[in-house]
Structure formats: C-alpha cells, structure tokens
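Spelled out from the first residue to the last, the chains are:
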Amino acid sequence: MASTKISYIAENVQLPQLNREAVVTWIEAVAANHEKRVGALTYIFCDDEYILATNRQFLQHDYYTDIITFDYSNRRRISGDMVISLDTVRSNAEQFAKTYESELLRVIIHGVLHLCGINDKAPGERDIMEQLENEALAIVPLNIFEE
C-alpha cells in the first residue's frame, strides 16, 4: 500500500467526507481485478463551472459532465487526475433516483476503470462499463464514508 498515493483537492466545493484508507483499499482491489497496480491518483472535486472550464480548455468540449479523467498510467500501474463535478453528481443522483453517496462512488470508480483501460464511447462499451462499475460498487468497504 505504500506506493498508492491518492490526493484530494477541492475547487469551489467542500471535499466529500471519505475514509481515505477505505478508498485506497477499494481502489486497489478494483485495480487488482484488472491486473493493475495503483500509483499516484488525484481527485479534484469541483463545481459545474470548474469542470466546464476544464472540459473547454483541455478537451475542447463545451458541456458539463460528471468526470474528466486524465490518464498518466504506464503498463500495469494506473495513475491520473480525475476531475469530478459534485454538482453534476448530485443532479445525476436525482435524475437516476440514486443516493448522492452511491452516485459519487460510481463516478469515483468510473475514473479508475478508465485508467484500467475500460472505455465507454463505442457501441456496447457503456454496458461493459456499467457492469464493471456495479461489480466495483459491490465490494465497497462499509466504512467508505467517514462518520
């Protein structure tokens, strides 16, 4: 576990109250299921305006999204920056009748799955991504959210 480093940054929002050790354990387990090890990960939790500006600046996309993943992985070690809009996470939770917490965990692991090489743009890939998200959510530690 010593090699896993997860950083958390807040831009215009408060950081979610996550049990950081439980997050590491969970992400390492999911990565191991894909024969990957976890290197440096950064989660940048932000509001919609921040993610829109990021989307425009780096991807030339002019729309809001829940997560943008910047992949710095090499072969078997995943590494990257994941920008997550908590505003969009909250609105997606409402739209899909999910809890905010479950939607947040889905988005957190969605980025990790991208770093593991799972895509979701081509036909059929979205279904595979959703299946893998559900498998990852099934092994979330019970203490993932701090009391």
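Everything below is about the structure shown above.
The structure displayed is predicted, hence computed values, not measured ones.

Draft legend 1. Expanded view of the pattern of salt bridges. Throughout the structure, instances matching the rule amount to five salt bridges. Close ionic contact of Asp 120 with Arg 126 constitutes a salt bridge, the shortest N to O distance being 3.3 Å. Its relative accessible area of 14% is what places Asp 120 among the buried residues. In this structure Arg 126 comes out as partly exposed when scored by relative accessible area, which is 30%. Among the ionic pairs, Glu 133 bridges to Arg 126, the shortest N-O distance being 3.6 Å. It is possible to trace a salt-bridge network through shared partners that takes in Arg 106, Asp 120, Arg 126, Glu 130 and Glu 133.

Draft legend 2. Seen up close, the nonpolar core. Counting residues in hydrophobic clusters, the biggest one holds 36 residues, and the most contacted among them are Trp 26, Ile 27, Tyr 43, Phe 45 and Ile 84. At the level of secondary structure, the elements contributing two or more residues to this core comprise strand 1 (5–11), helix 1 (20–33), strand 2 (37–46), strand 4 (77–85), helix 3 (86–95), helix 4 (100–115) and helix 5 (125–137). At nine residues, the largest contribution of residues to this core is made by helix 4. Ignoring sequence-local partners within four residues, the contact set of Ile 84 consists of Tyr 43, Ile 44, Phe 45, Cys 46, Ile 51, Asp 66, Ile 67, Val 89, Val 107 and Ile 108. With six residues, the next largest nonpolar core counts Cys 46, Ile 68, Phe 70 and Val 83 among its residues.

Draft legend 3. Broad picture of the packing of helix 1 against helix 4. It is the contact of helix 1 with helix 4, at a shortest axis distance of 10 Å, that shows an interaxial angle of 45°. As summarised for this structure, helix 1 and helix 4 are arranged oblique, according to the angle between their axes. Relative to helix 4, helix 1 is oriented so that their crossing is right-handed. Contact residues: Trp 26, Ile 27 and Val 30 in helix 1; Leu 105, Ile 108, Ile 109, Val 112 and Leu 113 in helix 4. Residue classes in the contact of helix 1 with helix 4 are distributed as eight nonpolar, no polar and no charged.

Quick notes on the rules
- Residues numbered from 1 in each chain as written.
- Predicted model: local features only at pLDDT ≥ 70, side-chain atom pairs only at ≥ 80, totals over all residues.
- Heavy atoms only, no water.
- Salt bridge = Lys/Arg side-chain N within 4 Å of Asp/Glu carboxyl O.
- Buried < 20%, exposed > 50% of the residue type's maximum accessible area, 1.4 Å probe, protein only.
- Core = buried A, V, L, I, M, F, W, Y, C linked by side-chain atoms within 4.5 Å.
- Helix = DSSP H or I, 4+ residues; strand = E, 2+ residues; numbered from the N terminus.
- Contact = heavy atoms within 4.5 Å.
- Axes fitted to C-alpha atoms, helices over the stretch in contact; angles between N-to-C directions.
- Parallel < 35°, antiparallel > 145°, perpendicular 65-115°, else oblique.
- Left-handed = near helix turned anticlockwise from the far one by under 90°.
- Nonpolar A, V, L, I, M, F, W, Y, C, P; charged D, E, K, R; others polar.

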